[in-house]
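What the coordinates show
The primary structure of each chain is shown beneath.
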Amino acid sequence: MQTWDAEWKPVPWDTARRARAVGLACRLDRHLEEAAAAATRAEARLAAALRQEVRQAVSANPGTEDLFAKLSALHEQLAYLPRLPLPAGIAGLLRDLLGPAWDGDVVVAGVPELRWPSLERVPARPVAVIPLAEARNPLMWPLVVLQGAAASGLSQRCEALDAALGAALAFARAEALFVADEPAARGWWRAGEQRLPRPEDGVSGTPWQLAAMLASGILISGYRRGGRVDPEASIYEQLAVVRDEPAEPADILTAGWIYWYNRTAAELVELADGLRSQEGAEERWARMRSLVDSLDDLLCRSLDVAAIHRFYAAEGAIR
């Protein structure tokens, strides 16, 4: 099993951009796969053809901008396939970050445009959008929260959200702009690095501890807190010292970004580069999908479980 070194050692910016594009290809492929399962025969054939084009686009190894342009054109074809429900965790994150008074009448919709909308404008309608292929990528959900705040009349909360989400929001902004405005994207990426908590700020209860848990393939929904335990004390006294606390959404998402940039991005790009050779291409593509799918699913599940934990902890406190 690989060890996890709690130190910020991100990939170079160009590799980060390439990983962003390849990650989008994997997520688009997953969406097409799941849409095909709910499709008619003709729709399923369209989805299969689009999946083949996604893989060919990555295998051709074009420049990052050209790959994104090709993926954008393919992503637009999702308008002709069955709509899949958005993960419930998106609404859960909105409630977590905007509070119980959040206006649940705001529509959160998946759209076939791969580019994110401008986050600087207040939406004209109570709608927050997310590219369909990004729906299962929790690392980008903070951008939906920003739109939700503006759409529900809570735009004054955006500054507080920026402070609360810190590095997680900065990195999401960088990834959203990685082709549309590379200088701005690079600026947000540097801002994300500056907002990262330092590993030495705490032995436990930090995104660095959660990133180490991700490296072990386990949920990062909570921390084990507690002081020193007397090994001679009774089991009940020992258990009284230790308690589990749910992790905050910002910590979960920041841990995800740390893991993405410190480990997943470089491996993903290396695998994608190897697709040019037909030898072992199937295995490489499967590995790429596994890297992206497993991280997305683990983060999504961690956010869900942490939210449930906070709910019951609050209910217990009230009672």
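Residues numbered from 1 in each chain as written. Predicted model: local features only at pLDDT ≥ 70, side-chain atom pairs only at ≥ 80, totals over all residues. Heavy atoms only, no water.

A separate point is the overall build of the protein. Helix and strand counts for the protein come out as 12 helices and 4 strands. For the protein, the residues scored as buried account for 48% of the 319 residues in total. Residue pairs in contact within the protein that sit at least 24 positions apart in sequence constitute 72% of those at least 6 positions apart. (Helix = DSSP H or I, 4+ residues; strand = E, 2+ residues; numbered from the N terminus. Buried < 20%, exposed > 50% of the residue type's maximum accessible area, 1.4 Å probe, protein only. Contact = heavy atoms within 4.5 Å.)

A few words on the nonpolar core. Ranked by size, the top nonpolar core spans 97 residues in total, and within it W257, W260 and M288 carry the most contacts. Top contributing element to this core by residue count: helix α11 (residues 249–273), with 14 residues. (Core = buried A, V, L, I, M, F, W, Y, C linked by side-chain atoms within 4.5 Å.)

All chains considered together, the criterion is met by 2 cavities of 30 Å³ or more. As a volume, the largest cavity reaches approximately 130 Å³. Residue lining of the largest cavity: 13 residues in total, with H31, E34, L132, A135 and R136 positioned closest to the centre. The biggest single contributor to the lining of the largest cavity is helix α1 (residues 13–37), with 4 residues. Contributing to the lining of the second largest cavity are R20, R27, N137, L139, M140, E175, W257 and W260. (1 Å grid on protein atoms, 1.4 Å probe; cavity = no way out; pocket = protein on both sides within 12 Å on 5 of 7 lines; lining within 4 Å. Points joined across faces, edges and corners; volume = space filled by probe spheres on them.)

A few words now on the environment of A168. You can see A168 is positioned in helix α7 (residues 167–176). Spatially, the C-alpha atom of A168 lies 7.6 Å from that of P142, the residues being 26 residues apart in sequence. In contact with A168, other than residues within four places in its own chain, are A250, L253, T254 and W257.

Right, let's get into the packing of helix α6 (residues 158–165) against α7. Look at α6 against α7: their axes get within 5 Å of each other, and the N-to-C directions meet at 105°. Between α6 and α7, the angle is such that the two are roughly perpendicular. Across the interface between the two elements, L161, D162 and L165 of α6 pack against A167, A168 and L169 of α7. Looking at the contact of α6 with α7 residue by residue, the class counts come to 5 nonpolar, no polar and 1 charged. (Axes fitted to C-alpha atoms, helices over the stretch in contact; angles between N-to-C directions. Parallel < 35°, antiparallel > 145°, perpendicular 65-115°, else oblique. Nonpolar A, V, L, I, M, F, W, Y, C, P; charged D, E, K, R; others polar.)

On to the packing of α1 against α11. As a packed pair, α1 and α11 sit with axes 9 Å apart at the nearest point and diverge in direction by 70°. As summarised for this structure, α1 and α11 are arranged roughly perpendicular, according to the angle between their axes. Only W260, Y261, A265, A266, L268, V269 and A272 of α11 make contact with α1, whose side of the interface consists of T15, A16, R18, A19, V22, G23, C26 and R27. Grouping the constituent residues of the contact of α1 with α11 by class yields 11 nonpolar, 2 polar and 2 charged.

Its location among the elements puts A266 in helix α11. Considering only alpha carbons, one finds A266 and A19, 247 residues apart in sequence, at a separation of 7.2 Å. In this structure A266 touches V11 and T15, once residues within four positions along its chain are discounted.

Okay, the packing of aromatic side chains next. In this structure the tally under the stated criterion is 8 aromatic pairs. An angle of 90° between the planes, with centres 6.2 Å apart, marks the rings of W8 and Y261 as edge-to-face. Taken together, the residues span a long stretch of sequence, with W8 in the segment before α1 and Y261 in helix α11 at a distance of 253 residues. With a centroid separation of 5.3 Å and 85° between ring planes, the pair formed by F68 and F178 is classed as edge-to-face. Here F68, found in helix α3 (residues 64–76), pairs with F178, found in the loop between α7 and α8 (182–195); they are 110 residues apart in sequence, far enough to count as distant. On the accessibility criterion, F68 (6% relative accessible area) is buried. For F178, a relative accessible area of 3% corresponds to the buried category. Among the aromatic residues, ring-to-ring pairing joins W8, W13, F171, W189, W257 and Y261 into one connected group. (Phe/Tyr/Trp six-rings, centres within 6.5 Å; stacked < 30°, edge-to-face > 60°.)

Before going further, it helps to examine α1. Taking 1.5 Å of rise per residue, the 25 residues of α1 would be expected to cover 36 Å, and the 37 Å separating its terminal C-alpha atoms lies within 8% of that figure. Summarising burial for α1: 19 of the 25 residues are buried, a large majority. (Expected span 1.5 Å × (residues − 1).)

What follows is about a nonpolar patch on the surface. Taken together, the side chains of I308, F311 and Y312 present a nonpolar region at the surface, about 350 Å² in accessible area. Tracing the sequence through the fold places Y312 in helix α12 (residues 281–318). (Patch = residues over 30% accessible without salt bridge, like charges linked within 9 Å, V, L, I, M, F, W, Y side chains within 5 Å. Areas by Shrake-Rupley, 256 points an atom, 1.4 Å probe, with all protein chains shown as cover. Salt bridge = Lys/Arg side-chain N within 4 Å of Asp/Glu carboxyl O.)

Summarising the element assignment, T64 is placed in helix α3. Of the residues examined, T64 reaches a relative accessible area of 10% and is grouped as buried.

Moving on, we come to the pattern of salt bridges. All told, the structure shown has 19 salt bridges when counted by the stated rule. Of the charged contacts, one joins D296 and R27 as a salt bridge, the two residues approaching to 2.9 Å between their closest N and O atoms. In this pair, D296 sits in helix α12 while R27 sits in helix α1, placing the two residues 269 residues apart along the sequence. Here D296 falls in the buried class, since its relative accessible area comes to 2%.

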